[in-house]
Every structure is written in C-alpha cells, then in structure tokens.
Amino acid sequence: MQVRNRVRQAPMEWRGGRGVIYLSWHSVAPAGWSVFAEEAIAAEMEAAAIVVEEKYWIHNDLFLLLRLPSGGRSKLEGWLLEQAIKRQAEWESRFREMEELPEARLLAGVSIIEDNLLDLTEQEGNADRIYEAMKRAMVHGQRDGSLVRSMKLRALEQLIAEHAIMSVYQPIMSLQSEGRSLFGYEALARFTKQEWFAGPQQLFAFAEQEGLAYRLDRLARRKALDGIGSLKPEQRLFINVQAQIINDPHFTPGRTLSMLERRGLSPHNVVFEITERTSIDDFGAMKKALEHYRNQGFQIAIDDVGAGYSSLQSIVELRPDYIKVDRSIIDRIDEDDVKLHILHTLVQLAYKLDVSIIAEGIEREEELAAVKKLGVHYAQGYLLGRPGGIQ
Ligand code: G
Ligand code: MN
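What comes next concerns the included structure.

Analysis parameters
Just so you know, the residues in each chain are numbered from 1, in the order the chain's sequence is written. Both sets of labels track the order of writing: A upward for chains, 1 upward for ligands. Only residues with pLDDT of at least 70 are given local features in this predicted model, and only at 80 or more are side-chain atom pairs given and counted; all residues enter the totals for whole chains, interfaces and linings. No hydrogens and no water enter the side-chain calculation; it runs on all heavy atoms of the structure. A pair of Phe, Tyr and Trp rings is counted when the ring centres sit within 6.5 Å of each other, with Trp represented by its six-membered ring. The angle between the planes then sorts it: under 30 degrees is stacked, over 60 is edge-to-face, the rest tilted. The helix count covers DSSP runs of H or I at least four residues long, the strand count covers runs of E at least two residues long, and both are numbered beginning at the N terminus. Throughout, exposure labels follow a simple rule: accessible area from a 1.4 Å probe, protein chains only, divided by the maximum for the residue type, with under 20% read as buried, over 50% as exposed, and the rest as partly exposed. Remark: a charge is flagged as sitting over a ring if the NZ atom of Lys or the CZ atom of Arg is within 6 Å of the ring centre and within 35 degrees of the ring normal. Here the rule is simple: two strands pair whenever DSSP picks up at least two bridges between them. Orientation is described by axes fitted as lines to C-alpha atoms, over the contacting stretch for helices, and by angles from 0 to 180 degrees between their N-to-C directions. For this analysis, residues touch if any pair of their heavy atoms sits within 4.5 Å. The scheme is simple: roughly parallel for angles under 35 degrees, roughly antiparallel for over 145, roughly perpendicular for 65 to 115, oblique for anything else. Residues are grouped as follows: Ala, Val, Leu, Ile, Met, Phe, Trp, Tyr, Cys and Pro are nonpolar; Asp, Glu, Lys and Arg are charged; every other residue, Gly included, is polar. Because no water is among the atoms considered, metal sites can look incomplete, with donors defined as N, O and S atoms within 2.8 Å of the metal, or 3.2 Å for Na, K and Ca. Definition of nearness: a residue and a molecule or strand are near each other if at least one heavy atom of the residue lies within 4 Å of the molecule or strand. The term polar contact refers here to a pair of N or O atoms within 3.5 Å; inside protein, the definition further demands a hydrogen-donor-capable atom paired with an acceptor-capable atom, and it admits residues adjacent in sequence only when both atoms are side-chain atoms. Note on areas: Shrake-Rupley with a 1.4 Å probe; residue coverage comes only from the protein chains shown. Definitions used for this entry: grid spacing 1 Å over protein atoms alone; cavity, a set of points where a 1.4 Å probe fits but cannot get out; pocket, an open set with protein on both sides within 12 Å along at least 5 of 7 lines; lining residue, one with an atom within 4 Å of a point. Molecule-in-pocket calls rest on the fraction of atoms, with more than half required to lie within 2 Å of the cavity or pocket grid points. Salt bridges are counted wherever a side-chain nitrogen of Lys or Arg sits within 4 Å of a carboxyl oxygen of Asp or Glu.

**Side note on the packing of aromatic side chains**
Across all of its chains, the model carries 17 aromatic pairs by this definition. Taking 5.7 Å as the distance between ring centres and 65 degrees as the angle between the ring planes, the aromatic pair formed by Trp33 and Phe95 counts as edge-to-face. Taken together, the residues Trp33 in helix α1 (residues 33-46) and Phe95 in helix α2 (residues 73-99) connect sequence positions 62 residues apart. Neither residue differs from the other here; Trp33 and Phe95 are each classed as buried. Members of the aromatic cluster, each reached through a chain of ring pairs, are Trp25, Trp33, Phe36, Trp57 and Phe95. A cation over a ring is seen here: Lys324 above Phe238, with NZ or CZ 5.4 Å from the ring centre. Above the face of the Tyr382 ring, Arg386 is positioned so that its terminal group lies 3.9 Å from the ring centre.

Quick look at the structure:
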C-alpha cells in the first residue's frame with residue numbers, strides 16, 4: 001500500500017480548523033474514479049466552493065483534507081457534514097451514470113481535526129493528527145449512510161435542546177349516545193424543525209435507534225400537558241408513551257401530577273396510550289410501573305391493536321382500560337368481512353373484560369356506521385376531527 005502525496009506545510013497565516021472527508025466505492029473497482037475525482041475537485045477549487053488543502057489516495061480510497069471556516073466544534077461539524085453529503089450524493093450519481101454502474105455506492109465519512117490553537121507549521125504532530133483523522137473518517141464512512149445519520153443525530157439533539165416540539169390534539173368522540181359527543185383528545189407531537197425526517201413517526205423511530213427515545217418522549221409529554229389549558233374536567237387527554245419508557249428513571253408521576261393540579265385537572269383526566277414499537281419483554285416490570293400510575297387514578301390504553309407490532313399479550317398482561325384498534329383494521333372495514341369479524345371479536349372481548357374500545361382512523365361515514373353498529377364505544381379519525389387545538 002502506498003500513500004501518494006506528502007503533507008505540505010500549512011501556510012502561517014491561517015488558523016481555522018480542518019477536516020477530513022473520506023470517499024470509497026463499495027464493492028466495485030471504479031476504473032475511472034481517480035480521474036473523475038481529480039477533475040471534480042479541481043472544479044470545486046476553481047469555484048472556490050471548498051478549499052482542499054491536500055488529497056491522499058490509498059488505492060481507490062480518497063481522503064480530502066479540507067480547511068474549515070472558523071467557529072465552534074459543533075458548527076464545524078455541521079458544515080463539514082453538509083459539504084460531504086453534497087459531494088457524496090452528487091459525485092455518486094454522476095459517476096454511476098458515467099460508468100453505467102447504477103448499483104455502485106460511494107461510502108463517505110468525515111472527521112474534524114481540532115488544531116485551531118496549534119501551530120500548523122510544526123510538522124511533527126501535524127502528520128499524526130491528520131493520520132488519526134483519516135482513520136476516524138474511514139471508520140465513520142464504513143457504514144452506508146453514515147453522513148445522513150450523523151446529520152439526523154445533530155438535528156435531533158438540537159431539536160431536544162431547543163424544545164422544538166409542540167402538541168396538537170385530535171378529538172375522540174363517544175358513540176354511546178345518540179349523535180356524537182366529545183370524549184377527549186389524543187395529544188400528538190409535531191416538530192417545528194424536522195427537515196431530516198419525513199414525519200413524527202420517523203423522528204421517534206430514529207430517536208429510539210439512537211437511545212434518545214426517553215428524552216424525546218419526556219419532552220413530548222410535557223408539551224402535551226402544556227397545551228391542555230381548556231380541557232374540561234370531564235374530558236380525557238390521551239398521551240402516547242412507548243412501552244420501553246418504563247425503564248426511564250424519570251418516568252415518575254410526581255411532575256405530571258403537579259402539572260395537572262396547576263391546571264385544575266386530576267389524573268382521572270389522563271390516559272397513557274402504550275405503544276409497542278418493539279415487543280415488551282418484561283411484563284412484570286411494566287405492570288408494576290403502571291400500577292403506580294393507576295393507583296393515582298391515571299388510566300391505560302393499548303394503542304395500535306391489530307397492527308403488526310402490537311400483541312394481544314399486552315391486553316392479557318396489562319388489563320388496559322381502553323383498547324385502541326389500529327386504523328389498518330378500520331380502513332374500508334365496511335367492505336371487508338375479515339376486518340368486520342376481527343373487530344367484532346375485539347368488541348366481544350372488550351365487553352367481557354369490561355374495557356372500552358376506540359376505533360382509530362375513521363375517514364368515511366361508512367366506516368363510522370360499521371363500527372357503531374358493532375358496538376364500538378369511541379371513535380377517532382379525520383372524519384370526526386383533524387389534529388388541531390382544543391376547542
Ligand atoms: O399510532 P397512533 O394511533 O398514535 O397514530 C396517530 C397518527 O395517526 C397521527 O400522526 C395522526 O395524525 C394520524 N391519524 C389520525 N387520524 C387519522 C385518520 O383518520 N387517517 C389517517 N391516515 N391518519 C390519521
Ligand atoms: Mn396513539
């Protein structure tokens with residue numbers, strides 16, 4: 001293995017940070033890559049878009065040593081990631097097209113060299129730091145999609161730090177009396193800044209993957225309670241909590257209680273909707289945690305029943321007060337006998353267990369009529385009300 005290009009001495013006057021971008025084609029031997037890359041970099045330099053201080057080729061892997069603008073580490077990291085993502089995406093698509101390699105993937109990673117305070121003219125140490133940075137960029141780039149993941153993580157951390165989250169409320173209607181009456185609302189989190197995520201669900205899923213689910217959930221719960229100023233004492237507020245949250249030492253009712261009391265409400269107004277994104281593996285611990293809340297008057301709903309990841313076991317083990325039937329069962333239920341049978345069975349079960357059923361995702365009058373006819377107690381969906389403010 002031969003490393004071409006030697007480290008050149010950096011100019012005296014410059015004291016900004018530096019960063020490395022690593023680029024490597026996954027499982028192809030890209031014949032024209034080095035010519036392509038050299039030309040692309042020359043064009044970038046010409047346009048003064050980036051300053052490439054040095055290029056290092058190791059076989060077909062390319063390491064670019066870039067000058068970064070001045071600023072704190074976080075700002076430099078954001079800038080470098082943005083530059084890298086742009087080049088990775090653009091060069092990948094251009095090179096794929098040129099070489100007719102539609103499947104080829106360009107892996108990319110970055111790292112920062114924190115040397116702004118050091119004298120860059122000191123050759124010794126400088127080369128070591130560059131080599132260490134090359135290794136870090138290479139490790140970062142080994143996983144497909146590393147740059148985007150890092151960007152998402154930054155965006156998520158920023159969102160949590162800035163509390164860039166709000167709550168909207170979707171009405172839940174009672175079907176038990178003639179006509180429809182308002183039973184309560186489900187609080188749904190909305191993010192004010194989420195350019196890196198398709199929607200709230202993707203954001204929550206990513207947070208879970210990165211171990212930030214607890215913090216995001218806690219923030220969403222607080223925001224949900226912040227907006228309930230006009231909830232009436234007889235109305236219920238349904239708040240989503242992920243099943244895993246019971247492991248969170250901060251998940252204690254104390255704060256929720258005092259927040260409710262300040263608003264003239266009590267635990268009887270609040271229903272925790274348990275969502276099973278991954279299966280619950282310790283029902284014992286879950287039951288114990290929920291017992292604590294129930295003793296204070298909070299109620300429990302099992303969310304998304306009938307969807308892939310939610311199990312009947314949670315109904316057996318947790319004995320909820322409400323069962324929320326997933327909208328996949330409700331969608332066109334009036335035209336599907338199997339769906340009707342499933343809901344009918346769940347309704348029978350609910351009556352036997354003395355539990356209430358809520359049908360989610362009602363979008364059409366026919367669906368509403370069908371669930372009402374089966375004896376479903378409550379309904380929610382765009383037909384009955386979009387997520388919005390509390391009326
Ligand atoms: O999993 P959970 O039931 O908490 O999901 C709530 C999500 O479903 C929210 O993002 C909400 O906007 C959405 N939603 C609510 N009602 C409807 C509906 O009638 N149709 C569809 N497609 N989505 C709905
Ligand atoms: Mn829900």
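Here the narrative resumes, following the displayed structure.
**Things to note about the sheet that holds strand β4 (residues 105-113)**
A sheet is described by the order of its strands in space; here 4 strands give the open sequence β2-β3-β1-β4, paired in antiparallel fashion. Sheet topology places β2 (52-58) and β4 at the edges, where each strand pairs with a single neighbour. Going across the sheet, the axis of each strand differs from the next one's by a mean of 15 degrees, ignoring polarity. Bridging between strand β1 (residues 18-26) and strand β3 (residues 61-67) involves 6 bridges; their strand directions are antiparallel. Residue pairing in the sheet places Gly19 in a bridge with Leu66 of β3. Helix-sheet contacts for α1 involve β1, β2, β3 and β4, and the interaxial angle to β2 is about 175 degrees.

**Thoughts on the packing of helix α5 (residues 200-209) against helix α6 (residues 213-226)**
In a packed pair of helices, the relevant descriptors are the angle between the two axes and the axis-to-axis distance. In the contact formed by α5 and α6, the axes pass within 7 Å of each other and the chain directions differ by 140 degrees. Comparing the axis directions of α5 and α6 gives the class oblique. Each of Leu203, Phe204, Ala207 and Glu208 in α5 lies in contact with α6, whose residues at this interface are Ala213, Leu216, Asp217 and Ala220. Residues of the contact of α5 with α6, tallied by class, amount to 6 nonpolar, no polar and 2 charged.

**Re the coordination of the manganese ion (ligand 2)**
Looking at the manganese ion (ligand 2), the protein donor atoms are Glu186 (OE), Asn240 (OD1), Glu273 (OE) and Asp303 (OD), and they sit 2.1 to 2.5 Å from it. Classification of Glu186 as buried rests on a relative accessible area of 5%.

**A closer look at the site of ligand 1**
The environment of ligand 1 is formed by 15 residues, the closest being Asp304, Arg327, Glu360, Glu363 and Tyr382. One of the side-chain nitrogen or oxygen atoms of Asp303 is found 3.2 Å away from an oxygen atom of ligand 1. With the chains in place, 82% of the 530 Å² that ligand 1 exposes on its own is no longer accessible. Its atoms largely coinciding with the cavity grid, ligand 1 occupies the largest pocket. Broken down by secondary-structure element, the contributors of at least two residues to the shell around ligand 1 are β6 (181-191) and β9 (299-305).

**A look at the pattern of salt bridges**
Any two side chains of opposite charge can pair if their charged atoms end up close together. Summed over the entire model, instances satisfying the criterion amount to 23 salt bridges. Glu90 is the partner of Arg94 in a salt bridge, and the nearest nitrogen-oxygen pair spans 3.4 Å. In this pair, Arg94 and Glu90 both sit in helix α2, 4 residues apart, roughly one turn of the helix. A salt bridge links Glu367 to Arg364; the nearest nitrogen and oxygen atoms lie 3.1 Å apart. Look at the salt bridges and you will find they share partners, linking Arg332, Asp334, Glu335, Arg364, Glu366 and Glu367 into a network.

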